[in-house]
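Residues per chain, in single letters:
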Amino acid sequence: MSHKSYALSCMTKVEGHAKLEVEMDGNKVKKAEIAVFEPSRYFEHMVRGKPFDMVPTISQRICGICSVIHTVTSIKAVENAIGVKASQETHDLRRLLLHASNIHSHTAHLFFFAAPDYLGVGDVMEIARKNRDKMELAIRLQKISSGIVRKIGGRPLHPVNCRVGYFNSVPDKSMVTELMSDFRDLKKLSTEAAELFFSFRYPDFENPTNYLSVKEKNSYDLYEGDIGVLGEKGFKVKDYQKHLEEETIYRSTAKYARYDGKPYMTGALARLNIMGDRLSKSARSIVRKHKLKLPNFSTFTNNISQAVEMVHFCDRALEVLSKYEKTGFREEKRKIKPRGGEGIAACEAPRGTLIHHYKFDSKGICTYANIMTPTCQNVRNMESDMQKWMPELIKKNDEKVKHSLEMLIRAYDPCFSCSTHFLNFNLKR
Amino acid sequence: MVKPKVAFFGMTSCKGCYFQLLLANEKLPAIFGSIDIVDFWMLNEKPKDDDMYDIAFIDGAVSNHENAELVRNVRERSKYVIAFGTCACHGGIPAVRNPDERKHSAYHKLVYGKDIKVKSYPHADPVSRHIHVDYEMTGCPINEREAVEVIRDLLLGKKPVAPDYPVCVDCKKAGVSCLFKEGTLCMGPVTRAGCNAPCPASRTACDGCRGPLPDANWNEMEKLMKEHGIEKKTMNMMLGKYTGGKMAK
Ligand code: SF4
Ligand code: SF4
C-alpha cells in the first residue's frame, strides 16, 4: 500500500496543544502516538522555595478550567504535609466547591467542545447561531455553577477564599438557602443536559481497560478516599508512586503514566464504573431509563457519564448543604503554624484523578513537588484506543479518520493545557 | 455593516482568561453577533494564515521561540493588539520561575530528565517585550466586564482606557471595609483596579493579580509589609509574584 502522509493543522476543541501521529501498514497499526508540545511550564519547580500558603495560589494556575480542583487538592496535600487538620465545615465547603466546579467544567466540555461533533456543526459559535436553546441551556448551567464557586470561593476562577486550614469567609444561613436553590436549579438543567447527551448517537467502539478513580468510603464523591480500580483491590494514595509510573517521553513536554505497567482511564466514566452503584436516586433513574450498561467500556460513554454525574452531584451538594440549613456555616479564622513534612493528596478532577505531592522544611518552605494531572494519565489509554480502532477506521477516507480520532480524544475531555498542550494530526497509510 | 474581524490566540498560560470571558454569559451572543471571530485557537478549526485582524487578543506569556514568532506574526496582521490577562501583560504566574533563570537547565533536568532538550526560554516574557501592545487587559484571570467594555468601545470607535487607580478604590465602590482595619496585610494599595475587589469582599487579602499600579507608593507598601512581619525574601516574592519577580518601582 502506498505510504500517504499528510498533516492536519490542529486538533481543536480540547484545551491545549498536542499532536497526533498515526502510521498504518495496510490495516496494521505501526504507530499511534500522541505528542504534547506545549512549552514546558515548570510548576513543580516554581513552587519550590515558596511559603506553604503561596503554593496553592501558584498551583491553581496550572489550568483555568480545573483551577478549583487544583486549589483544593493542593491545599489538602499542603495540610497533610505540614500537619493541619481542617474542620468538618471546611471539608464540606470544599466538597461543595468541587461539585459546582465539576458541573461548570463538564458543561464547558460537553457543550463547547463535544456537542458540535454530535449536532453536526463546526463549533460552538455555530451552536450559538443554529441551536439557540442549547446554547442558552449551556450558558445557564455555566452561570449558576460558576456563581456557586464565586459565592463560596470568592471568585469563579482561581478561588481565593479557600485557604490552607480554613475559609476566610463562610456562607451564613441565608446564603445556604440561596446555594440550595442554586443547586436545585442546576439539577433541573443538568437533567435536561443529560437527556440531550443520551439522545446523541455515539460511535460504536469499545476498548475495556483499567479504570481508576479516587473511591470515597461510602458515597460517590470527588474529595477523598483510596484509589479504586475496577475489578481490583485498589491502593492507598500514599503508594501512588509504586503503582502509577510516570515516564518522560522524548516527543512530549508532558509525562505519561501507566498503572502497574498498563494503560488506564480516569475520569467520569471510570468513576461511574467504580462508584456507579452509589448514584443518587434521580441520577440512577436516568441511567435506568436509557438502559446504560454498567460497567461500560466505550470511551464515548465518558460524555454521557459526565452528564449523569452533573445530576448526581446536585443531589450530593443538596445533601451536604441540608446539614447547615438551620445554622449556616461557622466562621473560623486560624493561625496556621507549619511544621516540616511530606504530604500527598488525591481528588477527582472533572477529567480524572489529580494528585499533588509536596515536601516542606520546618519553616513551611516547599522543597519538593510532584503533580500528576488526569490527562497525563489518560494519554496512554488514548493511544491504546487508537491502536484498537484504527484497523476499522482506516476503511474510511482521511477526513473521516481524522474526525473520528478527534472525537475519540475529545471524549476524554483532555486538558492538554493541564498536562502542559494542542493537536496536529499526521496519518501515514 | 462589515463586522470587525477578531482573533484570539493562546500562548503559555492556564487559559483561564478565556474561560472567564465565557462567563460574560448573556452578553456573549450579542458580542459574538457583532464581531466576526475569524480565529479562536481553542474553539474552532485551524488558524487561517492569510487573515488580517481588526482586534487580536493574545493570552499567555511568551516562553519559547514559537510564541515569539506568533506574536510578531499577529502584530503584523492586526490593527489593535490586546495583551489578554496578567500572563500576557506581565509574565504572570508562568514567570514565577524568572528569578531563577540561571538554574533553568538544572530545573529542566529535574522534571524531564537529562535526555530531553530544553526548548523553552529560561524566562517567560510579557508580550510587550516582543511587540507593541495597544491595550493591556490585566487580571489573573481578567474581568469579563472589562473585556466586554473594551470590545464595545472599540466597536464604537472609542479608545478604551485601563483603570489607573488602586484596588482600594474598587473596595470603596463596592462598600467593602478595609482589611487593614482587621490587621490583614493586603496588596490592594499597589495593585491596578478593575476587578471590583472580589478578594477583599470575601475577606481575603488582594494578592496583586492585576499587576502593579504605575505610580503606586512602593516605599509605603514595603513599610507596611515590614510592620506585618514579612521578611525581605518573602516580600520580594509577594511583590513580584505576577511580574516575574520584578517590582514596578
Ligand atoms: S492571567 Fe491567570 S487566569 Fe489568565 S491565563 Fe494567565 S494564569 Fe490563567
Ligand atoms: S482583589 Fe487583588 S487579587 Fe483579587 S482579583 Fe482584584 S487584583 Fe486580583
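Residues numbered from 1 in each chain as written. Chains lettered and ligands numbered in written order. Predicted model: local features only at pLDDT ≥ 70, side-chain atom pairs only at ≥ 80, totals over all residues. Heavy atoms only, no water.

*Asks:* Which residues make up the site of ligand 1, and what values do they have?
*Replies:* In the vicinity of ligand 1 lie 14 residues, with A:H158, B:C14, B:C17, B:C87 and B:C140 positioned nearest. The environment around ligand 1 is built from residues contributed by chains A and B. Residue assignment for the shell around ligand 1 shows that the elements contributing at least two residues are α1 (16-22) and α4 (86-90) of chain B. In terms of residue class, the shell around ligand 1 is made up of five nonpolar, six polar and three charged. (Near = heavy atom within 4 Å. Helix = DSSP H or I, 4+ residues; strand = E, 2+ residues; numbered from the N terminus. Nonpolar A, V, L, I, M, F, W, Y, C, P; charged D, E, K, R; others polar.)

*Asks:* Break down the confidence of the model for chain A for me, with residues and values.
*Replies:* Detail in the predicted coordinates should be disregarded across regions flagged by low pLDDT. Considering every residue of chain A, the mean pLDDT works out to 89; 90% of them sit at 70 or more. Throughout residues 1-16 of chain A the model reports pLDDT below 50, and contacts reaching past four residues in sequence, or to other chains, amount to 76 contacts. (pLDDT = per-residue confidence, 0-100. Contact = heavy atoms within 4.5 Å.)

*Asks:* Outline the sheet that holds strand β9 (residues 341-349) of chain A, listing residues and values.
*Replies:* All names here are of chain A. An order of β9-β10-β11 is seen for the three strands of this open sheet, with the pairing classed as antiparallel. The sheet is open, and its two borders are formed by β9 and β11 (366-372), each paired with just one other strand. When strand polarity is set aside, the average angle formed by the axes of neighbouring strands in this sheet is 10°. Relative to strand β10 (residues 352-360), β9 is paired through nine bridges, and the arrangement is antiparallel. Each bridged residue has a counterpart across the sheet, and for A346 the counterpart in β10 is I355. On the sheet, helix α12 (residues 374-393) packs against β9, β10 and β11 and is oriented at approximately 130° with respect to β10. (Pairing = 2+ DSSP bridges. Axes fitted to C-alpha atoms, helices over the stretch in contact; angles between N-to-C directions.)

*Asks:* Break down the packing of helix α10 (residues 281-289) of chain A against helix α11 (residues 301-322) of chain A for me, citing the residues and quoting the values.
*Replies:* Residues and elements named next belong to chain A. Interaxial distance between α10 and α11 falls to 7 Å at its minimum, and their mutual angle equals 160°. Of the possible angle classes, the one that applies to α10 and α11 is roughly antiparallel. Within the contact between the two elements, α10 uses S282, A283, I286 and V287 and α11 uses V308, V311, H312 and D315. Here the contact of α10 with α11 is composed, by residue class, of five nonpolar, two polar and one charged. (Parallel < 35°, antiparallel > 145°, perpendicular 65-115°, else oblique.)

*Asks:* If you had to explain the nonpolar core to someone new, which residues and values would you point to?
*Replies:* One finds A:F111, A:F183, A:Y358, A:M390, A:L405 and B:F57 to be the most contacted residues of the largest nonpolar core, which totals 164 residues. It is helix α4 (residues 88-119) of chain A that provides the largest number of residues to this core, a total of 14 residues. (Core = buried A, V, L, I, M, F, W, Y, C linked by side-chain atoms within 4.5 Å. Buried < 20%, exposed > 50% of the residue type's maximum accessible area, 1.4 Å probe, protein only.)

*Asks:* Tell me about the packing of α4(A) against α11(A), residues and numbers included.
*Replies:* Residue and element names in this part refer to chain A. Where α4 contacts α11, the axes come no closer than 9 Å and their chain directions differ by 155°. Here α11 runs roughly antiparallel to α4, going by the angle between their axes. Crossing hand, α4 versus α11: left-handed. For the pair α4 and α11, contact is made by D92, R95, L96, H99, N102, I103, H106, T107, H109, L110, A114 and Y118 and by N303, Q306, A307, E309, M310, F313, C314, R316, A317, V320 and L321, respectively. Here the residues of the contact of α4 with α11 are counted per class, giving twelve nonpolar, seven polar and four charged. (Left-handed = near helix turned anticlockwise from the far one by under 90°.)

*Asks:* Which residues make up the packing of aromatic side chains, and what values go with them?
*Replies:* All names here are of chain A. The tally for this structure, following the rule as stated, stands at 17 aromatic pairs over all chains. Taking 5.1 Å as the distance between ring centres and 80° as the angle between the ring planes, the aromatic pair formed by F197 and F200 counts as edge-to-face. A relative accessible area of 11% means that F200 is categorised as buried. Among the aromatic side chains, those forming a connected cluster through ring pairs are F111, Y118, F197, F200 and Y202. Here K76 stacks its cationic end above the ring of Y223, 4.3 Å away from the centre of that ring. Here K359 stacks its cationic end above the ring of Y368, 4.6 Å away from the centre of that ring. (Phe/Tyr/Trp six-rings, centres within 6.5 Å; stacked < 30°, edge-to-face > 60°. Lys NZ or Arg CZ within 6 Å of the ring centre and 35° of its normal.)

*Asks:* Tell me about the pairing of β10(A), and please be specific about residues and values.
*Replies:* Residues and elements named next belong to chain A. With eight of nine residues buried, β10 lies mostly within the body of the structure. Hairpin connection from β9 to β10: two residues lie between these consecutive antiparallel strands. Looking at chain direction, β10 and β11 are connected through six bridges and run antiparallel. Bridge pairing in β11 links F360 to C366. Where β10 folds back onto β11 in an antiparallel hairpin, the turn is made up of five residues, including G364, whose phi is positive at roughly 85°.

*Asks:* If you had to explain the site of ligand 2 to someone new, which residues and values would you point to?
*Replies:* Neighbouring residues of ligand 2: A:R155, B:V167, B:T191, B:C195, B:P198, B:C199, B:P200, B:C206, B:D207, B:G208, B:C209 and B:R210. Here the shell around ligand 2 takes three residues from helix α8 (residues 198-201) of chain B, the largest share from any one element.

*Asks:* Quick rundown of the environment of B:T12? Include the residues and the values.
*Replies:* All names here are of chain B. Relative to the helices and strands, T12 is located in the loop between β1 (5-10) and α1. Classification of T12 as buried rests on a relative accessible area of 2%. It is 6.6 Å that separates the C-alpha atoms of T12 and S63, two residues lying 51 residues apart in sequence. At a separation of 2.6 Å, a polar atom in the side chain of T12 contacts the side chain of S63. (Polar contact = N/O pair within 3.5 Å; in protein donor to acceptor, adjacent residues only side chain to side chain.)

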